[in-house]
Amino acid sequence: MLTVFIDFKSPAAYLALQPTCALAQRHDLTIDWRPFRSVERDIPKLGKEETVGESHRRVRAAALRRQAVKYAHHQGIDLKFPQQPGATDLALGVLATWSGDPLPFINAAFKAYWEDHANLDDPKIVTSLLHSLGHADAINPETVAQALEAALEAADEIGIVGAPGYLIDDQIFVGREHLPWIEDIVIQNRAAPA
């Protein structure tokens, strides 16, 4: 079992989706998808008198964004950052309450956020996503909000600090760059005598 923590507004989580699913498919792994509220910031504006720290944050944020766009292009994804990072709490709450395979919803939510810059905290938009997947149930915002808060508390207790976050064999990894290491753990576990 591989537990993966995601936020639909996290470009790193979006870019980790395909490689994570490929890893799971290669090794016939079950993924337990869980919500995590990440903090995404826009690129700071250039100030008239910028401190070294402010300059560093602005340059680093722009470099990280360019790097994400390059990785997305490599995956065949046209990554378009929204003007301002949007909210995703309602969709994350739906993920927290999901029963069955959530991957179709995860794919639809990532696509809606990154292609359409949809507000995934808007009940109409999230309901529309659910209907497009054949789910006719109405969203109870209070129920999904409570489920999200419980899921976030559980993630905090485990020690998850970012998205994508991975938990395997009581080991925590943050970032898709750790997928080769995670795959090594899977291979070692399969090779170990029962």
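Just so we're clear, the structure is a prediction, and the values are computed from it rather than from any experiment. Sequence order as written defines the numbering, with residues in each chain counted from 1. Thresholds applied to this predicted model are a pLDDT of at least 70 for local features of residues and 80 or more for the giving and counting of side-chain atom pairs; totals over whole chains, interfaces and linings are not thresholded and use all residues. Excluding hydrogens and water, the side-chain values take into account all heavy atoms of the structure.

A. Representation of the pattern of salt bridges within the structure. Here, a salt bridge means any side-chain nitrogen of Lys or Arg that lies within 4 Å of a carboxyl oxygen of Asp or Glu. Under the counting rule described, the total for this entry stands at 6 salt bridges. Its salt-bridge partner being Arg37, residue Asp89 comes within 3.0 Å of it at the nearest N-O pair. One end of the pair, Asp89, is in helix α3 (residues 89-97); the other, Arg37, is in the loop between β2 (31-35) and α2 (52-74), and 52 residues separate them in sequence. Partly exposed describes any residue whose relative accessible area lies between the buried limit of under 20% and the exposed limit of over 50%, with all areas from a 1.4 Å probe on protein chains only and scaled to the type maximum. Exposure remark for Asp89: the relative accessible area of 25% places this residue in the partly exposed category. Assessed through its relative accessible area of 33%, Arg37 is described here as partly exposed. In this structure, Arg37 and Glu149 form a salt bridge, with 2.8 Å as the shortest nitrogen-oxygen distance. Here Glu149 lies in helix α6 (residues 141-158) and Arg37 lies in the loop between β2 and α2, a separation of 112 residues in the sequence. Glu149 sits in the partly exposed class, given a relative accessible area of 35%. Each of the salt bridges in this network shares a partner with another, and the network as a whole consists of Arg37, Asp89 and Glu149. For helices the rule is a DSSP run of H or I covering at least 4 residues; for strands it is a run of E covering at least 2, with both sets numbered from the N terminus onward.

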